[in-house]
Amino acid sequence: MNVKPMTPEEFKLFLEKSVVSYAKEKTRSGNWTEEESIERAKSDYKRFLPQGENTENNYLYSLHKDNSQIGSFWLAVMPNNTGYIYNVEIEEDYRGQGLGKLAMKEIEMKAKELKLNKIELHVFAHNTTARRLYENIGYEVTNVIMAKSI
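This section reports on the structure supplied with the text. (Residues numbered from 1 in each chain as written. Predicted model: local features only at pLDDT ≥ 70, side-chain atom pairs only at ≥ 80, totals over all residues. Heavy atoms only, no water.)

Right, let's talk about the overall build of the chain for a bit. A count of helical and extended segments in the chain gives four helices and five strands. The N-to-C order of helical and strand elements in the chain reads β-α-α-β-β-β-α-β-α. In terms of overall dimensions, the chain is globule-like: its C-alpha atoms have a radius of gyration of 15 Å, near the 15 Å expected for 150 residues. Considering only C-alpha atoms, the chain reaches an extent of 50 × 35 × 35 Å along its principal axes. Expressed as a percentage of its 150 residues, the buried residues of the chain come to 33%. In the chain, once contacts between residues fewer than 6 apart in sequence are set aside, the share between residues at least 24 apart is 52%. (Helix = DSSP H or I, 4+ residues; strand = E, 2+ residues; numbered from the N terminus. Rg over C-alpha atoms; globule rule 2.2 N^0.38 Å. Buried < 20%, exposed > 50% of the residue type's maximum accessible area, 1.4 Å probe, protein only. Contact = heavy atoms within 4.5 Å.)

Printed below as a string of structure tokens:
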């Protein structure tokens, strides 16, 4: 697998896909209504990446295999030398092949290059596949948010 900084064209596609995916996840988790989800997702991405792929302290990469883009990831540098993974995505046709694990190793290598001490991420509770991957490669639960509709 090859890892390359996202090009402006790749970033545009990443943004389009990520906004929709994030909106769906926030809706599925009960955080947002479906009606508001796309606008709220666009707003969050604009806030976190105001200069797009050139936003300071944010590193966006495309993952390639055999000359095809198979995924992407977004790593941000936070205070206290902590990295925060905002997004890891493997294209659907390439899932289940161990590429998510390889992507996480690539993220760790980038974090080491940036001299980060720790990496954090958020995973939606319903995403059991991702949770299993993260736990299997050494990530530990540090916070749990629970909710009840009334």
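For the rest of this paragraph, the subject is the nonpolar core. Grouped together as the largest cluster of nonpolar side chains are 18 residues, with contacts concentrated most on L63, I85 and I107. Taken together, the elements giving at least two residues each to this core come down to β2 (58-65), β3 (68-78), β4 (82-90), α3 (99-113) and α4 (128-136). Residues within four places of I85 in sequence aside, it is in contact with W74, L75, M104, I107, I119, E120, L121, H122 and Y139. Counting residues in hydrophobic clusters, the runner-up holds twelve residues, among them F11, F14, V19 and L60. (Core = buried A, V, L, I, M, F, W, Y, C linked by side-chain atoms within 4.5 Å.)

Turning our eyes to something else, we now look at the pattern of salt bridges. A complete count under the given rule lists seven salt bridges for this structure. A salt bridge links E39 to K42; the nearest nitrogen and oxygen atoms lie 3.8 Å apart. Of the two residues, E39 and K42 both sit in helix α2 (residues 34-48), three residues apart, roughly one turn of that helix. (Salt bridge = Lys/Arg side-chain N within 4 Å of Asp/Glu carboxyl O.)

Phi angles above zero are rare outside glycine, and D66 is one such case at about 50 degrees. Here D66 shows up in the loop between β2 and β3. A residue is classified by how much of its surface remains accessible, and D66, at 66% relative accessible area, is exposed.

It is worth spelling out the environment of E34 at this point. One can find E34 in helix α2. Take E34: its relative accessible area is 61%, and that puts it in the exposed class. In this structure, the C-alpha to C-alpha distance between E34 and K24, residues ten residues apart in sequence, is 7.6 Å.

This paragraph deals with α2. Structural remark: α-helix, 3.6 residues per turn; residues separated by three or four positions point the same way. Between its first and last C-alpha, α2 extends 21 Å over 15 residues, near the 21 Å set by a 1.5 Å rise per residue. Within the sequence span of α2, burial applies to S37, A41, D44 and Y45. Buried positions along α2 lie against α1 (8-28), β3 and β4. (Expected span 1.5 Å × (residues − 1).)

To continue, consider α3. With 15 residues, α3 extends 21 Å between its outermost C-alpha atoms, agreeing within 8% with the 21 Å of an ideal straight helix rising 1.5 Å per residue. For α3, every residue scored as buried is listed here: L99, G100, A103, M104, E106, I107, K110 and A111. Taken around the axis of α3, the buried residues stretch over an arc of 155 degrees, which confines them to a single face. α3 presents K112 and E113 as exposed residues on the side facing more than 90 degrees away from its buried surface. (Arc of directions from axis to C-beta.)

Function-wise, these values are silent; they only describe arrangement.
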